Number of protein chains: 2
Amino acid sequence: MFSEAESDPILPKPRFKAQEARLRTALLKAQYELLRQADRSLLIVVAGIDGAGKGATINLLNEWMDPRHIRTLAYGDPTPDEAQRPPLWRYWNELPPKGRIGIVFGSWYVPLLMAAGRKHPKVARVEALADEVRRFEAQLAANGVQIVKLWYHLSREAQAERVERLSANPATAWQVAPVDRKVSRRFGRARAAAQMVLTQTGAAHAPWEVIPSADDPMRTACTAEAVLRALRRRAMPRVPHRYAPQVPRRRTIPDRLGKLDYDAQVDKDDYEAELEQLQARLALAARASAFGKRSLVLVFEGQDAAGKGGAIRRVTHALDARQFDITPISAPAQHELARPYLWRFWRRVPAHGRIAIFDRSWYGRVLVERVEKLVTPAEWRRAYGEINDFESQLAASGAIVLKFWLAVTADVQLERFHEREASPFKNFKITPDDWRNRRKWRAYAEAANEMLARTDTAAAPWHVIPANDKRHARLQVLRHIVAAMEKPD
Amino acid sequence: MFSEAESDPILPKPRFKAQEARLRTALLKAQYELLRQADRSLLIVVAGIDGAGKGATINLLNEWMDPRHIRTLAYGDPTPDEAQRPPLWRYWNELPPKGRIGIVFGSWYVPLLMAAGRKHPKVARVEALADEVRRFEAQLAANGVQIVKLWYHLSREAQAERVERLSANPATAWQVAPVDRKVSRRFGRARAAAQMVLTQTGAAHAPWEVIPSADDPMRTACTAEAVLRALRRRAMPRVPHRYAPQVPRRRTIPDRLGKLDYDAQVDKDDYEAELEQLQARLALAARASAFGKRSLVLVFEGQDAAGKGGAIRRVTHALDARQFDITPISAPAQHELARPYLWRFWRRVPAHGRIAIFDRSWYGRVLVERVEKLVTPAEWRRAYGEINDFESQLAASGAIVLKFWLAVTADVQLERFHEREASPFKNFKITPDDWRNRRKWRAYAEAANEMLARTDTAAAPWHVIPANDKRHARLQVLRHIVAAMEKPD
């Protein structure tokens, strides 16, 4: 894997000069083709042996291509803001739109390489981190983000020499971080770690390219060639099925919506007494110091007119306005369509101590987008796993994730539609879309039942609540939230 | 000012019921009209005496209007991220687009009200904070953000009674923060502070509305009426000139570009030696612990082909990729046009220890947008003050702001254009726009000279650098940056 790079090949300057014009022209042409097609974005992940000169890559690519369409995405230790979210949050947040290029420094490989580079690597930990990386890259590749990964490499001797040369000159000594000098002494361990990581994470849809780095012209030319190869790929490669996160397999989908007790109801006095108590408990739990290390993600789905808005207001009534955000979800905007569909939701992942409420959500992918055929069957089928993966990352980072399906029967929906139409201040809530969706009642119910079967996980459970009686539904929602908030970690 | 509210007026329930349908219908209609016209956004600032029940406003407005087009923007103590930027950064960041409504809790009035509410208020401090608020609101109002400010008020007795009632009931005691109980004991001081603040910050373009709050129906109806009045305003009011930040007045604009020494040059050996030294010093300064409390904002402007990109790369060569962001500026996108023009730049204000590099910048407003008549003369003239205000806020928050104009002569530009056209990997840098701009050389020079005269401030100085010789220009840029970075605070 590294034998070529460790032979420290050299590209003589005249030969480099002869190639330079061709490479620059070809890179630019390919970059503009990417911009014109805008059918995908390209992430160039930069990693490698310390001291291999990988930092020069940014300047190189920005000088050789049109820098207006390239973003350098460089990450160090997590900021306080980042530490409160899943580790991949910061990468999701800054995904470039289709047509553009991102150069990633300090990528999602840093924790994996560190774990693999320990004196006695913990195999299970390394495997878990590698698996997370594989799932992430598979999801990006399946959603229009092409990935190419560059590993800058050179021999132990060349590394030592390079570090020595830079350190000796006071004007360049700053380029050598203390860590470089140290790594030079333990080249072998870093090399073994790289071998493990590159083997475990190479894939046709996210290939590693080893760049010989001892010689500047050779490193430059190989970088350019690798990026060029990536840009020239006609189409995004298919992502093998085994990379996708697993989804519960079921022969038959149970009809959970059909089996609810829609007669459940609560009388007004009981409702008001319990509502007040639940709100008081929620208020306390949300202000408790323990919540400072958690966050709360609430998802509200359900048929039109099921009462999502009213239920949400009963929740927020107990909360300080500074603590929560309500995000109503409708069709994605242009700049959202230019990224993987989960991007806009990742950007709204709450910090610790905060509450994010979604009025409709990422489940649109397997509901409206499925039923209205806005996506292919392959896309919405894949989404179950992508969503489970997203939610399990949320849960792992300390979020309490609760999902509510408010369920009404068709006759009650009709009643509410008519009520809304008759009310001068509620008729905005009823549109031709609502009537159209209603005509597809069965298709939506089928999609909802399948969604419930495939995404009801321990990390992020679904609560399916009969909502023909609004009071009953609101209390149920609050009861689940309060129970989850009051449960010790 | 408060006499009506302190009489604690009551709206009997039957009369409220009679008004409710009319108010809700009118509010919705007005909200949709705002959405349809999309000629402005509306910020509703919510403030008032503690315990006046202003928190209920969010639920009210979200219930009475279409919540999909309303965002609640609630702020508490600054987060670590916020504390590293100017105080107004967080408000700028979340401005709603035209057509939408934002409800602001914990607004820019909090520091002002606290300063005014001290036992012995410092007059100068209060006046300075009020002035900052006035300039902010004037700038928003002049740039398509309508503002209405609601002050929730009630009598001392009603406040005490309300706090008492809520505290007595264990189910509602959580609604009364400890601060409410305290404020109830020092009603007089809070009232005097409010009087001072409302007087100093009321304006036709950002009016205060006092909402009597002792009685729930009255508070609800008055809130609805106030929002309705704001929504029904046909046009944004003119912002009086005296609110605009001051700009240096000059009878004549000096021809700074015409008076440069364009023959300045540096020979190759001297260049390389000094470049290396400057980069080493910059690298050290950027890694110094003192920089952890500062940030660096670099603006690059200049004629086409003046060498901005090359100069930027000589700077970034000395820096760790994780430490800087380069933002190339071109025409604003749709969602950027829906906000005040400085919005997209505010969003890229760096945290402490970080470096933001702008390849072209907010000065486009007084350069290309002026020359190409994309904005009115009133708009670009106003921009000088808005920009100075923006930059002085950056400087006050710890940013080192340096602005570079790289100046070439027309003949050298022509030479470089031809060079670019002839080069297979540089011809992307030359477009019909460049030739068109070149034909307007004088108009651009005039705009640049006026910009230099009006925005060269101590907080954010302009460095005008002859760039016919690229080596000379690059060294000059680095010298200025290094000098500023090495200067003790």
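Up top is the structure.
Structural notes, computed from the coordinates. (Residues numbered from 1 in each chain as written. Chains lettered and ligands numbered in written order. Predicted model: local features only at pLDDT ≥ 70, side-chain atom pairs only at ≥ 80, totals over all residues. Heavy atoms only, no water.)

Topic: helix 13 (residues 308–316) of chain A
The line we're drawing: For each residue, the accessible area found with a 1.4 Å probe, counting protein chains only, is set against the maximum for its type, and the residue is called buried under 20%, exposed over 50%, and partly exposed in between. Under the DSSP-based scheme used, a helix requires at least four consecutive residues in state H or I and a strand at least two consecutive residues in state E, with every element numbered from the N terminus.
In terms of burial, helix 13 of chain A is largely enclosed, as 8 of its 9 residues are buried. Where helix 13 of chain A is concerned, the buried positions are Lys308, Gly310, Ala311, Ile312, Arg313, Arg314, Val315 and Thr316 of chain A.

Here we look at the interface of chain B and chain A
Rules: Here, residues are in contact when the closest pair of their heavy atoms is within 4.5 Å. Buried area adds together the accessible area that both of two parts lose upon being put together, with accessible area traced by a 1.4 Å probe. Salt bridge, as applied in this entry: a Lys or Arg side-chain nitrogen positioned within 4 Å of an Asp or Glu carboxyl oxygen.
Of the residues lining the interface, 45 residues belong to chain B; the matching set on chain A comes to 45 residues. Carbon and sulfur atoms make up 62% of the area that chain B and chain A hide from each other, which totals about 4100 Å². Inspection of the region where chain B meets chain A yields 4 salt bridges. Among the salt bridges present, the one from Arg313 of chain A reaches Glu63 of chain B, with a minimum N-O distance of 3.3 Å.

Some points on the pattern of salt bridges
One pass over the full model with this rule turns up 76 salt bridges over all chains. Across the pair Arg24 of chain B and Glu20 of chain B runs a salt bridge, and its minimum N-O distance is 3.3 Å. Taken together, the residues Arg24 of chain B and Glu20 of chain B, both in helix 2 (residues 13–37) and 4 residues apart, mark about one turn of the helix. With a relative accessible area of 9%, Arg24 of chain B lands in the buried category. Put simply, Glu82 of chain B and Arg90 of chain B hold a salt bridge, and the shortest N to O gap is 3.0 Å. Taken together, the shared-partner salt bridges connect Glu127, Asp131, Arg134, Arg135 and Asp389 of chain A into one network.

So, the packing of helix 7 (residues 123–142) of chain B against helix 17 (residues 377–396) of chain B
Residues and elements named next belong to chain B. What counts, and what does not: Fitted lines through C-alpha atoms give the axes, limited to the stretch in contact for helices. The angle between two N-to-C directions lies from 0 to 180 degrees. By the definition adopted for this analysis, an angle is roughly parallel if under 35 degrees, roughly antiparallel if over 145, roughly perpendicular if from 65 to 115, and oblique otherwise. By convention the crossing between two helices is left-handed if the near helix lies anticlockwise of the far one by an angle smaller than a right angle, and right-handed if it lies clockwise. In this classification, Asp, Glu, Lys and Arg are treated as charged, Ala, Val, Leu, Ile, Met, Phe, Trp, Tyr, Cys and Pro as nonpolar, and every other residue, Gly included, as polar.
It is the contact of helix 7 with helix 17, at a shortest axis distance of 11 Å, that shows an interaxial angle of 135°. Classified by the angle between their axes, helix 7 and helix 17 sit oblique to one another. In terms of crossing hand, the pair formed by helix 7 and helix 17 is left-handed. Contact residues: helix 7 offers Arg135, Gln139 and Ala142, while helix 17 offers Arg382, Glu386 and Asp389. Looking at the contact of helix 7 with helix 17 residue by residue, the class counts come to 1 nonpolar, 1 polar and 4 charged.

Some points on the sheet that holds strand 2 (residues 70–74) of chain B
All names here are of chain B. Selection rule: Two strands form a pair only when DSSP identifies at least two bridges running between them.
Spatial ordering of the open sheet is given by 2-3-1-4-5, a layout of 5 strands whose pairing is parallel. The open sheet has two free edges, formed respectively by strand 2 and strand 5 (208–212), since each of these has just one partner strand. On average, each strand axis in the sheet is inclined to that of its neighbour by 25°, with strand direction left out of account. The strands touched by helix 11 (residues 216–232) within the sheet are strand 1 (41–48), strand 3 (101–105), strand 4 (145–153) and strand 5, with strand 5 carrying the most contacts at an inclination of about 160°.

Points about the packing of helix 6 (residues 109–116) of chain A against helix 7 (residues 123–142) of chain A
All names here are of chain A. At a closest axis distance of 9 Å, the pairing of helix 6 and helix 7 adopts a crossing angle of 160°. With respect to their mutual orientation, helix 6 and helix 7 come out roughly antiparallel. Relative to helix 7, the crossing made by helix 6 is left-handed. Judged by residue contacts, Tyr109, Pro111, Leu112, Ala115 and Ala116 of helix 6 engage Arg125, Val126, Leu129, Ala130, Val133 and Glu137 from helix 7. Among the residues forming the contact of helix 6 with helix 7, the class breakdown is 9 nonpolar, no polar and 2 charged.

A few points about the pairing of strand 8 (residues 355–359) of chain B
Residues and elements named next belong to chain B. Along strand 8, 5 of the 5 residues are buried, which leaves the element largely enclosed by surrounding structure. Side chains Ile355, Ile357 and Asp359 project from strand 8 onto one buried face, and the interleaved Ala356 and Phe358 project onto a second face that is buried too. Two strands pair when backbone bridges link them, and strand 6 (residues 295–302) and strand 8 are joined in this way by 5 bridges, in the parallel orientation. Residue Phe300 lies in a different strand from strand 8, and its bridge partner there is Asp359.

Describing the sheet that holds strand 10 (residues 462–466) of chain B
Residues and elements named next belong to chain B. Ordered by their spatial adjacency, 5 strands build an open sheet running 7-8-6-9-10, and the pairing between neighbours is parallel. Either end of the sheet is taken by a strand with one partner, and the two such strands are strand 7 (324–328) and strand 10. Strand-to-strand twist of the sheet, defined as the mean angle between neighbouring strand axes without regard to direction, takes the value 20°. Summarising the sheet, strand 6 and strand 9 (residues 399–407) pair through 8 bridges and their orientation is parallel. From the neighbouring strand, Val297 faces strand 9, where its bridge partner is Val401. Its contacts with the sheet place helix 13 (residues 308–316) against strand 6, strand 7, strand 8 and strand 9, and it is angled at close to 160° to strand 6. On top of the sheet, helix 21 (residues 470–486) reaches strand 6, strand 9 and strand 10; it is set at about 165° to strand 9, its chief contact.

Observations regarding the environment of His153 of chain A
All names here are of chain A. When you line up the elements, His153 lands in strand 4 (residues 145–153). Along the sequence, His153 and Ile211 sit 58 residues apart, while their C-alpha atoms lie 6.0 Å from each other. The residues touching His153, leaving out its near neighbours within four places in the chain, are Phe2, Ala5, Glu6, Ile49, Ala52, Phe187, Arg191, Val210, Ile211, Pro212, Ser213 and Ala214.

Quick word on helix 18 (residues 410–422) of chain B
All names here are of chain B. So the rule is basically this: Expected span, for any helix, means 1.5 Å times one less than how many residues it has. Relevant arc is that of directions from the helix axis to the C-beta atoms, nothing else.
Along its 13 residues, helix 18 runs 19 Å from first to last C-alpha, staying within 8% of the 18 Å computed at 1.5 Å per residue. Restricting attention to buried positions, one finds in helix 18 the residues Val412, Gln413, Arg416, Phe417 and Arg420. Viewed end-on, helix 18 has its buried residues packed into an arc of 140°, placing them on one side of the element. Facing away from the buried surface of helix 18 by more than 90 degrees, the exposed residues are Asp411 and Ala422.

Brief notes about the side chain of Ser107 of chain B
All names here are of chain B. Relative to the helices and strands, Ser107 resides in the loop between strand 3 and helix 6 (109–116). Judged by its relative accessible area of 3%, Ser107 falls in the buried class. Ignoring any residue separated from it by four or fewer positions in sequence, one finds Ser107 in contact with Val45 and Tyr91.

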